[in-house]
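Observations on the model geometry
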Amino acid sequence: MKTRFASQGSRTSLDSMMTPMIDVVFLLLVFFLTTASFQRLEKLLPSAVSAESESQAGGTSDEPPKPSESDVSDCVIKINRPEGSGGFQYRFNDTPITSLEELGSRLRAVIRVRPDVPIVVDPEDSISAGDALRVYDLAKSNGALAVYMVAR
Amino acid sequence: MTPMIDVTFLLIIFFLVSSHLAKQENFLPLDLPSAAAGIADFSDRPTVTVQVPKDGGYQVNGAEVSLVQVRSIILTRMQEEGGGPIRIRIRTDRNVAYGTLAKLLKECALTGNSDIVFAVYEGEGA
């Protein structure tokens, strides 16, 4: 390389300066092309498990707690999708709720009173993971400290 | 001097890229759920990743496994890491039925691990 440049002394200095620059530019191009991740960035949603079947077996009865006291002691959100109707049906401590917005405002009201209230998300088996985690995320992003997914 | 710098840069890039690729090895392309409360993963805790594809089944390290195997893999990994609790990362497709996940969550809970995380995409709801 060097000898050729030396033999072509008549070349302008611009020519000899171009090559390293192109080298570097190509290098940068390759660098950014390969490091650019075309995958979407994944984040983590910390979760916790509530083994409902076991905790119920250990308790005195199989019935859910009375709504009056469970309003402050813990919140169970059941999710199901009734046949025929297209939407979801949520039950917030046995109170039927039809929209996610209403569920959100109820959650906010409870969390404002007691942020560490245990919230148990109990979707039916047929509910998709995305819809179950959306409710979980709703509770988390409204500031709930203890949100559990039911394990069966 | 210039060729040496060229080569050095090339090596730097090579190692940067290969370490980047090593991180993404054998991850299924899944349509993860979206969540607004997701956090970035900076922890270097020992982690077992269980993937739940849309067509059912569970995968650990690229191999199809049963629920019983998931449990033994987690227990083996816990022993390797000194017997303490480890992190279990669940990469699930958003269309998987919750019943499938609930069984997996129970197996994870039965191994005594409570640090269970879901891989999600950042965003508002699904």
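Residues numbered from 1 in each chain as written. Chains lettered and ligands numbered in written order. Predicted model: local features only at pLDDT ≥ 70, side-chain atom pairs only at ≥ 80, totals over all residues. Heavy atoms only, no water.

Points about the environment of A:I77
All names here are of chain A. Relative to the assigned elements, I77 resides in strand 3 (residues 75–80). As for I77 and V121, which are separated by 44 residues in sequence, their C-alpha atoms are 4.9 Å apart. When near neighbours in sequence (up to four residues on either side) are disregarded, I77 contacts R91, F92, L103, L107, I119, V120, V121, D122 and V135. (Helix = DSSP H or I, 4+ residues; strand = E, 2+ residues; numbered from the N terminus. Contact = heavy atoms within 4.5 Å.)

Some details on the interface of chain B and chain A
Between chain B and chain A, the contact holds 46 residues from the first and 38 residues from the second. Here chain B meets chain A over a buried area of about 3600 Å², counting both sides, of which 64% is carbon and sulfur. The largest contributions to the chain B side of the interface with chain A come from B:Y98, B:F118 and B:Y121, which together make up 18% of the buried area. Inspection of the region where chain B meets chain A yields one salt bridge. For A:K43, the salt bridge is made with B:E122, and the minimal N-O distance between the two is 3.4 Å. Linking chain B to chain A there are 14 residue pairs in polar contact (both at pLDDT 80 or more). Secondary structure elements with two or more residues in the side of chain B that touches chain A: helix 1 (2–23), strand 5 (87–92), helix 3 (98–110) and strand 6 (116–122) of chain B. The element best represented in the side of chain B that touches chain A is helix 3 of chain B, accounting for nine residues. Considering only residue class, the side of chain B that touches chain A consists of 27 nonpolar, nine polar and 10 charged. (Buried area = accessible area lost by both parts, 1.4 Å probe. Salt bridge = Lys/Arg side-chain N within 4 Å of Asp/Glu carboxyl O. Polar contact = N/O pair within 3.5 Å; in protein donor to acceptor, adjacent residues only side chain to side chain. Nonpolar A, V, L, I, M, F, W, Y, C, P; charged D, E, K, R; others polar.)

Focus on helix 5 (residues 100–113) of chain A
All names here are of chain A. With 14 residues, helix 5 should cover 20 Å at 1.5 Å per step; its first-to-last C-alpha distance of 20 Å lies within 8% of that length. For helix 5, the set of buried residues is L103, G104, L107, V110 and I111. Summarising the axial view, the buried residues of helix 5 lie within an arc of 130°, below the 170-degree limit, and thus occupy one face. Along helix 5, the residues that are exposed and aim more than 90 degrees away from the buried face are E101, R112 and V113. (Expected span 1.5 Å × (residues − 1). Buried < 20%, exposed > 50% of the residue type's maximum accessible area, 1.4 Å probe, protein only. Arc of directions from axis to C-beta.)

Thoughts on the side chain of B:N113
Residue and element names in this part refer to chain B. Note on placement: N113 falls in the loop between helix 3 and strand 6. On the accessibility criterion, N113 (3% relative accessible area) is buried. A distance of 2.8 Å separates a polar atom in the side chain of N113 from the backbone nitrogen of I86.

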